[in-house]
Each structure stands twice: as C-alpha cells, then as structure tokens.
Amino acid sequence: MDRVTEQLVEYTQGFDPGSLSAGIRSAAVDRVVDSLACAIVGFTSEPGRIALEAARGFTSDRPASVFGAGFATTEELAAFANTTMVRSWDWNDGMLAQGGGHPSDMIPAVLAAGEAQHASGAEVIDTIVLAYELLGALGNVAPTRASGFDQGTFMGLSAALAIGRLRGLDEAQLANAISLALVPHVPLRVTRTGNLSMWKGAATASAMHSALFAVRLAGLGMTGPEEPFEGVSGLWEKATGPWELILPAQPGGQMVVEISHLKQLPAETHSQALLGLVPKVREFAKADEIESIRIETYYQAWHEIALHPSKWDPTTRETADHSLPYLLAVAMVDGTITPASFMPERIADPALRPLMQKISVVEDEAFTAVFRPGGNSIAGQPRARMVVTRTGGEVFSEEVGYHKGHASNPMTRADIDDKFDAASEGIVDPDTRDRIREVGWTIDAADNVADVMRVVTDFRRDR
C-alpha cells in the first residue's frame, strides 16, 4: 500500500474512543440531532422522495431503516436515501477546508451500518467522530475543489474506514476498503456549477452507498489497487497532485466534529452571516427603498453563490439556495429564510427580480487572504461586508464574520431544538417530533442503535 493508505489505516486502527472527552462526544450527538432535523424536512423534497422509492422493495438479512418511510432495505440503499434527505435542503453542517463539504453526510451511513450489526449508540458516536476526523484531515490538505472534483471524493473512503473499524476489518481489509471506496468514485465538481440539479443533494449520498459497498467487498476479501493515491494514474497524478497528510487534523487542537459548523438557516454556508444582517437592513430600509446592495467577500463565497448568471435568475431550488442575490432578496422581503422560500412559485416570483438586480457581489482580496488560516482551515475565518444604499443616499455598512453555528459563534442545544421545531413543522406531529428528538439526544446511551432507528423510520401522523 502507498504511504497515504498506510497513514489512514494506522490512524484508524489506533483510534481510541476512551480518549474522547465528554465535549467531543457531545458535539457528535449535536450533529446527529441536527441531521435528524434536516432529514425530516428532507423527507418532503423531490430528491428525498426519489431516493426513498429507489430503496423500496429491496430486502437484506442485515436490514437498515429508511427515515420516515416505515420500511427497511439494504445498508447501501438506506444510506443513499437517508443521506439524500439529510442533504437535500442544504441545512446540515459543513466545513471550510479546501477539500471540504458536509461531514454529517456520513452520519446516515454510520447509522445504517450500526443498525445492521446492532451496534450500541456509543459505538456509533465513536464511529462518527472518527469519520469526521479522517475527512477533515484529508480535506485540510488535498485541493479537490480547486482540481475540479466534488465533495464525495474523500467522504466515501472516510466513512468506509470508520465503518470498517466498526465492523472489525483487519489492516489489509481496511486498505482495500479505502481503495474500493476511492478508485471507482472520484466525482466531478460539475455537480455544483452552473444551473444546479437535484444531484447537488444526492452526490455525497452516492459516496455513502459506495462506502458501504466497499466495506462489504473488502470484508469478503475483494482487493483494490494497492496505491490508490500515489500510484501510476492514481489520485495524485490524475487529480490533486501530492500532499502531506496530517492526522489528527489539528494536532493538539480540537477535533473536526467539534469545529464543523452548523446552520441556522436552510441556505448555502457562505450566505449565513450576511443573511444574519437582514433584520438590521430591514430596519434601515424597506425593500422598495433600496438603491443598491454591494457585497464584498472572499473568493470562494463569490465563486460559489454569485459568479454564474443563473444566480441572478434561479429556476431550481438547488440553484436558489446557492444564489446570494435570491437569498438576500427573499429574506429582505419575507424577513427570513425558511423551506417555504424555495417553493417553485416563490423562486419564480417576478417581484423579487428587480431587487436581485440591485445586488452586486465582488471579491475582496484581503478577505480572501485570511479565509483559510494556516492550521485552521476546517473552521475558516470568513469575512464579508454589506453596503446598502437607500434611494435618498443614506448608507448602511457593516462587516460580518462568524455566522451563528460557526465554531467561534456556536449554536446551543436550545438553538438546535428550535431548528428541529422549524424543520418539523407541518411534516410530523409534535409527539412524533419529540420522540425522534429524544432518541437523538440520548443516542450515546442506547444499547442497540436499531432501537433508535425504529423511532425515526416512520413519520406518519397516525402512529
């Protein structure tokens, strides 16, 4: 095996759950509950419906439950459906590393694997912490985004390694799980460029499907290429170039699960802090009194949610939640961002377009320079400035940084409960919502995570 594979396997085998502090374990539980909230609202999405139906009708002697659907299926298909639900509204956690993404996309795969083998809640929490750390370490050093490859590149192998450890795979099997998760699954970043499709919310779900299949194959003895990173035609040569892996991701510092950011609003990460200014702007001026809104921000924010022409005239929900002009305009008019902000009729509302056309977004090179500080790019140091001019010439200007939910401005458990309430409204009744939330908050004490999944597998109101 190549050196990177050796490092990953060595860290996985040496991972010691006994060394995890109460704070680390609590952070992992927070992200499970946050993910369940996202899954409930994701159950109503069209990608969630499609993924659920794709999982229907398949059985296994190691079944795993589909969120809200009232049935079980194979681990791989449950992970695909459940990750799609968690991800589809772009409301789950994230990290800002150069090979970043949304680490909680891996939680449904861990839950599926844990349910299938009747693991304890504590074992599932340990596995989530490990998966986050592996993904963060890889994302911290490997420029997949800049090379044109998508977030699932390292998610699949990180989940496969963590789940492989849960399954008791040996050194050789873990190495093969890495290779079998990575080599067939190096996804293109076209998923997140231009006019966005449903696949934006399902791409990493595909990586989770691949991860569980890789673990299954490796456990049965399937071998993969020995040098998936450093070998001829491997990842280094064809995608990222060489890099030096550091594990843990922040030696002597916080673990990745502690510093991945949560989101208060169902909108793209880089918009969160700016959307937090909207109440102040609404006090300064009504929407029809605004002459212009100028946003100065770092390169990735500009590139992700303001560069493409589709951001000024979104036609899909996936584009709308990645459109800073749309997000600011609808928040200015409605007062906030909710799932209702992304209904087809709201996205297409012609009354929003004039305000969107008054918005400009430019890169501030000083903000770009500090966005990924050395040794802490997982959390990042986001900065942006909003300058609003009224028709009478008065100017509102304010700089923002860490949004509510960032590690430097964290959401409390009360905030997560509020989000859970908002995500559940109109989808599950209060009793069902509270049962799901309770098993989430106490998952680390569950003797068998299958008991947890039995609660979250049915959202029907008449239970």
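Read on for an overview of the structure.

1. Overview of the sheet that holds strand S3 (residues 290-297)
Backbone hydrogen bonds hold the strands of a sheet together, and the pairing may be parallel or antiparallel.
Here comes step 1: Spatial ordering of the open sheet is given by S4-S3-S5-S6, a layout of four strands whose pairing is mixed. With one partner strand each, in any of the chains shown, strand S4 (359-363) and strand S6 (395-400) form the two edges of the open sheet. Looking at each pair of strands side by side, their axes are set apart by 15 degrees on average, direction ignored.
Here comes step 2: As paired strands, S3 and strand S5 (residues 384-390) are joined by seven bridges and run antiparallel to one another. Bridge pairing links Ile-290 to Arg-390 in S5.
Here comes step 3: Here helix H16 (residues 324-334) sits on the sheet in contact with S3, S4 and S5, set at roughly 135 degrees to S4.

2. Overview of the packing of helix H7 (residues 152-167) against helix H8 (residues 171-182)
Here comes step 1: Between H7 and H8, the shortest axis-to-axis distance is 8 Å and the interhelical angle comes to 155 degrees. It follows from the interaxial angle that H7 and H8 lie roughly antiparallel. Taken as a pair, H7 and H8 cross one another with a handedness that is right-handed. For the pair H7 and H8, the contacting residues are Thr-153, Gly-156, Leu-157, Ala-160, Leu-161, Gly-164 and Arg-165 in the first and Leu-174, Ala-177, Ile-178, Ala-181 and Leu-182 in the second.
Here comes step 2: The residue inventory of the contact of H7 with H8, partitioned by class, reads eight nonpolar, three polar and one charged.

3. Topic: helix H4 (residues 75-87)
Because each turn of an α-helix spans 3.6 residues, side chains separated by three or four positions in sequence point in the same direction.
Here comes step 1: Here H4 spans 18 Å end to end across 13 residues, near enough to the 18 Å set by a 1.5 Å rise per residue.
Here comes step 2: Here H4 lies mainly inside the structure; 13 of its 13 residues are buried.

4. What to know about helix H21 (residues 430-441)
Here comes step 1: Given a rise of 1.5 Å per residue, twelve residues ought to cover 16 Å, and the 16 Å separating the end C-alpha atoms of H21 matches this to within 8%.
Here comes step 2: Where H21 is concerned, the buried positions are Thr-432, Arg-433, Ile-436, Arg-437, Val-439, Gly-440 and Trp-441.
Here comes step 3: Residues of H21 that are buried sit in contact with helix H2 (22-42), helix H20 (413-424) and helix H22 (449-456).
Here comes step 4: At the N-terminal boundary of H21, the capping side chain belongs to Asp-429, with an oxygen 3.0 Å from the backbone nitrogen of Asp-431.

5. Focus: the nonpolar core
A general feature of soluble globular proteins is that nonpolar side chains tend to end up buried together.
Here comes step 1: Within the largest apolar cluster, 153 residues are counted, with the highest numbers of intra-cluster contacts made by Leu-8, Phe-67, Leu-157, Phe-229 and Trp-243.
Here comes step 2: Of all hydrophobic cores here, the second largest spans five residues; its members include Leu-96, Tyr-298, Ala-301 and Phe-371.

About the cut-offs
- Residues numbered from 1 in each chain as written.
- Predicted model: local features only at pLDDT ≥ 70, side-chain atom pairs only at ≥ 80, totals over all residues.
- Heavy atoms only, no water.
- Pairing = 2+ DSSP bridges.
- Helix = DSSP H or I, 4+ residues; strand = E, 2+ residues; numbered from the N terminus.
- Axes fitted to C-alpha atoms, helices over the stretch in contact; angles between N-to-C directions.
- Contact = heavy atoms within 4.5 Å.
- Parallel < 35°, antiparallel > 145°, perpendicular 65-115°, else oblique.
- Left-handed = near helix turned anticlockwise from the far one by under 90°.
- Nonpolar A, V, L, I, M, F, W, Y, C, P; charged D, E, K, R; others polar.
- Expected span 1.5 Å × (residues − 1).
- Buried < 20%, exposed > 50% of the residue type's maximum accessible area, 1.4 Å probe, protein only.
- Polar contact = N/O pair within 3.5 Å; in protein donor to acceptor, adjacent residues only side chain to side chain.
- Core = buried A, V, L, I, M, F, W, Y, C linked by side-chain atoms within 4.5 Å.

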